[in-house]
Amino acid sequence: MSGKRNEYNRTRNVVVAFRVKPQEGKLINEAIQLSGQTKQDYLLSRALNREVNVQGNPRVYKALRNRLDAVYAELCRIEAGNAVDSDLLAIIRMMAEILDGLKGGSE
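Only a predicted model underlies this, so the values are computations on that prediction, with no experimental measurement involved.

Next up on the list: the overall build of the chain. The helix and strand inventory of the chain stands at 4 helices and 2 strands. Expressed as a percentage of contacts within the chain between residues at least 6 apart in sequence, the contacts between residues at least 24 apart total 44%. Approximately 8700 Å² of the chain is accessible, and the part contributed by carbon and sulfur atoms is 51%.

The next thing to look at is a nonpolar patch on the surface. Among the surface-exposed residues, Leu68, Leu99 and Leu102 lie close enough to one another that they form a single nonpolar patch of about 230 Å² accessible area. Relative to the elements of secondary structure, Leu99 occurs in helix H4 (residues 86-102).

Before going further, it helps to examine the side chain of Ser35. Inspection of the secondary structure assignment puts Ser35 in helix H1 (residues 22-35). At 2.8 Å, the side chain of Ser35 forms a polar contact with the backbone oxygen of Ile32. The residues contacting Ser35, other than those within four sequence positions of it, are Tyr42, Val52, Val54, Gln55 and Val60.

With that settled, the discussion passes to the nonpolar core. Residues Leu34, Val60, Ala63, Leu64, Val71, Ile78, Leu88, Ile91, Met95 and Ile98 constitute the largest nonpolar core, which totals 10 residues. Beyond its immediate chain neighbours, meaning those up to four positions away, Ala63 contacts Gln33 and Leu34.

The geometry of a pair of packed helices is captured by two quantities: the angle between their axes and the separation between those axes. Relative orientation of the contacting elements helix H3 (residues 58-77) and H4 amounts to 140°, with a least axis distance of 11 Å. As summarised for this structure, H3 and H4 are arranged oblique, according to the angle between their axes. In this structure, H3 meets H4 at a crossing whose hand is left-handed. Between H3 and H4, the residues in contact are Leu64, Arg67, Leu68, Val71, Glu74 and Leu75 and Leu88, Ile91, Ile92, Met95, Ile98, Leu99 and Leu102, respectively. Looking at side-chain class alone, the contact of H3 with H4 contains 11 nonpolar, no polar and 2 charged residues.

Conventions adopted
Residues numbered from 1 in each chain as written. Predicted model: local features only at pLDDT ≥ 70, side-chain atom pairs only at ≥ 80, totals over all residues. Heavy atoms only, no water. Helix = DSSP H or I, 4+ residues; strand = E, 2+ residues; numbered from the N terminus. Contact = heavy atoms within 4.5 Å. Areas by Shrake-Rupley, 256 points an atom, 1.4 Å probe, with all protein chains shown as cover. Patch = residues over 30% accessible without salt bridge, like charges linked within 9 Å, V, L, I, M, F, W, Y side chains within 5 Å. Salt bridge = Lys/Arg side-chain N within 4 Å of Asp/Glu carboxyl O. Polar contact = N/O pair within 3.5 Å; in protein donor to acceptor, adjacent residues only side chain to side chain. Core = buried A, V, L, I, M, F, W, Y, C linked by side-chain atoms within 4.5 Å. Buried < 20%, exposed > 50% of the residue type's maximum accessible area, 1.4 Å probe, protein only. Axes fitted to C-alpha atoms, helices over the stretch in contact; angles between N-to-C directions. Parallel < 35°, antiparallel > 145°, perpendicular 65-115°, else oblique. Left-handed = near helix turned anticlockwise from the far one by under 90°. Nonpolar A, V, L, I, M, F, W, Y, C, P; charged D, E, K, R; others polar.

Honestly, that's just the spatial picture; any functional story needs more than this.
Set out below in structure tokens:
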């Protein structure tokens, strides 16, 4: 069986797979959308402890905008004194880091 060739004309024919909980899958997919990378590139970078560089492009902008709309709706729903879901906090932190990186770091 022939594998897919990458930019260096090498084949990638080893499959790495694992199972996650639905909530973990949702967080992983949101992180991938916000990164603007392919799922393979994102997971490979994270697994090899490489930095994930987010390049600003229309797809990242759209993912950030849509997720910010969802976060805003969720925050409006939360009443004062109620706990905020830890998944929501993780997404907010990730978006803040991405937005900080897109504007060129802290000034």
